Amino acid sequence: MRSVTDYFDVDAILAEDELISCRSNFDFTHLAHLDAESKEQLFLPQGTSLKLPLWALEKWAPLGFVVITVPRHFSRKARERLDADSSIDLRKRSEL
């Protein structure tokens, strides 16, 4: 839940529109429109990779409906490399 002080916070507003990779834990009906690559009209199968906005994941992930997929550059191995050598060029390793 956003506090009143976050109401005009530009970073908080932009973060809510950020799409985050996740995977569905259940078969869903009437949610196939969330998968842009799906040709299905109604059915969203379990294990489907999706990109959802942060505001939806804040509600669905704690309930276990989806699992958030952590990008490679946040993995334990990547963090250990950064700790060992801080001269790594992060722009070359970006997934964008």
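We now turn to the structure provided with this report.

Conventions used here
Residues numbered from 1 in each chain as written. Predicted model: local features only at pLDDT ≥ 70, side-chain atom pairs only at ≥ 80, totals over all residues. Heavy atoms only, no water. Helix = DSSP H or I, 4+ residues; strand = E, 2+ residues; numbered from the N terminus. Contact = heavy atoms within 4.5 Å. Areas by Shrake-Rupley, 256 points an atom, 1.4 Å probe, with all protein chains shown as cover. Salt bridge = Lys/Arg side-chain N within 4 Å of Asp/Glu carboxyl O. Buried < 20%, exposed > 50% of the residue type's maximum accessible area, 1.4 Å probe, protein only.

**Some details on the overall build of the protein**
- Helix and strand counts for the protein stand at three helices and five strands.
- Going from N to C terminus, the protein has its helices and strands arranged as α-β-β-β-β-α-β-α.
- A separation of at least 24 residues holds for 51% of the contacts in the protein among residues at least 6 apart in sequence.
- Accessible surface for the protein amounts to roughly 8100 Å². Of this, 57% is attributable to carbon and sulfur atoms.

**With respect to the pattern of salt bridges**
- In this structure the tally under the stated criterion is one salt bridge.
- Across the pair E80 and R76 runs a salt bridge whose closest N-O atoms are separated by 2.9 Å. Pair noted here: E80 and R76 are both in helix α3 (residues 76-84), with a separation of four residues, about one helical turn.
- Judged by its relative accessible area of 43%, E80 falls in the partly exposed class.

**A few points about the environment of L50**
- Mapped onto the elements, L50 comes out in strand β4 (residues 49-53).
- With a relative accessible area of 5%, L50 lands in the buried category.
- Through-space distance from the C-alpha of L50 to that of L19 is 9.2 Å; in sequence the pair is 31 residues apart.

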